[in-house]
Amino acid sequence: LHKAIRRQRQMCIRDRYSEYQLLILIFVKRIVPMDTRFSVAVHALILIAESDVPLTSEQIAASAGVNPSYIRKVLTLLRNTGIISAHRGIRGFALNTDKESLSLLQIYRAVSDGNLSLFDIHQNPNDRCIVGRHIKPVLSNIFRDLENELSLKMQEKTLKDCINEIIKREKI
């Protein structure tokens, strides 16, 4: 690979990239920042699951440190998937699912587009460069495997695991 990169370095540089940019394309991958909906959803669900009284979006927002309208958007996504319910005339939300069986993957899928996608690949690699021709399929396979492993781990972890970890940390 090193010889091929050296051979095509001039072509890549001439066509589109400086040597510095080529090195970045080869060695650096960009991680797409995750949206906060997932962590806010877990936060809200823990509060709902552990509260003796129904909590309002304002109360949940105060704990999560976000705007109540943002909480309402997240809670709507959770309600649309049946994880929580809200009843007319009664302020607050109720958990419809057992916290012991509600996986982090279910929560993630409820508040995201459904697919676990942590990595993105730049869209316009130079096909005249050896790296540019092959980077998408190479990284796509690696990223898919990593995302599949993460999905399996998230399926194993439940809302109850998060609650237990909070209780354990509070006792320290």
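Predicted, not measured: the structure shown is a model, and the values here were computed from it. (Residues numbered from 1 in each chain as written. Predicted model: local features only at pLDDT ≥ 70, side-chain atom pairs only at ≥ 80, totals over all residues. Heavy atoms only, no water.)

Draft legend 1. The environment of Cys 162, seen in detail. Among the secondary structure elements, Cys 162 is positioned in helix 8 (residues 159-171). Note on Cys 162: relative accessible area 18%, which makes it buried. Each C-alpha atom of the pair Cys 162 and Leu 104 lies 9.2 Å from the other, and the pair is 58 residues apart in sequence. The contact partners of Cys 162, leaving out residues within four places of it in the chain, are Val 42, Ile 46 and Leu 104. (Helix = DSSP H or I, 4+ residues; strand = E, 2+ residues; numbered from the N terminus. Buried < 20%, exposed > 50% of the residue type's maximum accessible area, 1.4 Å probe, protein only. Contact = heavy atoms within 4.5 Å.)

Draft legend 2. View of the packing of helix 3 (residues 37-50) against helix 5 (residues 68-80). Closest axis-to-axis distance for the helix 3/helix 5 pair is 10 Å, and the angle between their directions is 80°. When the axes of helix 3 and helix 5 are compared, the pair comes out roughly perpendicular. Counted together, Arg 37, Val 40, Ala 41, Ala 44, Leu 45 and Ile 48 of helix 3 and Tyr 70, Ile 71, Val 74, Leu 75, Leu 77 and Leu 78 of helix 5 form the full contact between these two elements. (Axes fitted to C-alpha atoms, helices over the stretch in contact; angles between N-to-C directions. Parallel < 35°, antiparallel > 145°, perpendicular 65-115°, else oblique.)

Draft legend 3. A look at the packing of aromatic side chains. Scanning the model with the defined rule gives 1 aromatic pair in all. Taken together, a centroid distance of 5.6 Å and an interplanar angle of 70° make the contact between Phe 38 and Tyr 108 edge-to-face. Of this pair, Phe 38 sits in helix 3 while Tyr 108 sits in helix 6 (residues 104-111); the two residues are 70 residues apart in sequence, bridging distant segments of the chain. For the pair Phe 38 and Tyr 108, one class covers both residues: buried. (Phe/Tyr/Trp six-rings, centres within 6.5 Å; stacked < 30°, edge-to-face > 60°.)

Draft legend 4. Summary view of the side chain of Lys 99. Along the chain, Lys 99 falls in the loop between strand 2 (94-95) and helix 6. At 2.6 Å, the side chain of Lys 99 forms a polar contact with the side chain of Glu 50. The contacts of Lys 99, once residues within four sequence positions are left out, are Ala 49, Glu 50, Thr 158, Leu 159, Lys 160 and Ile 163. (Polar contact = N/O pair within 3.5 Å; in protein donor to acceptor, adjacent residues only side chain to side chain.)

From the geometry alone we can't say anything about function, so treat these as descriptive.
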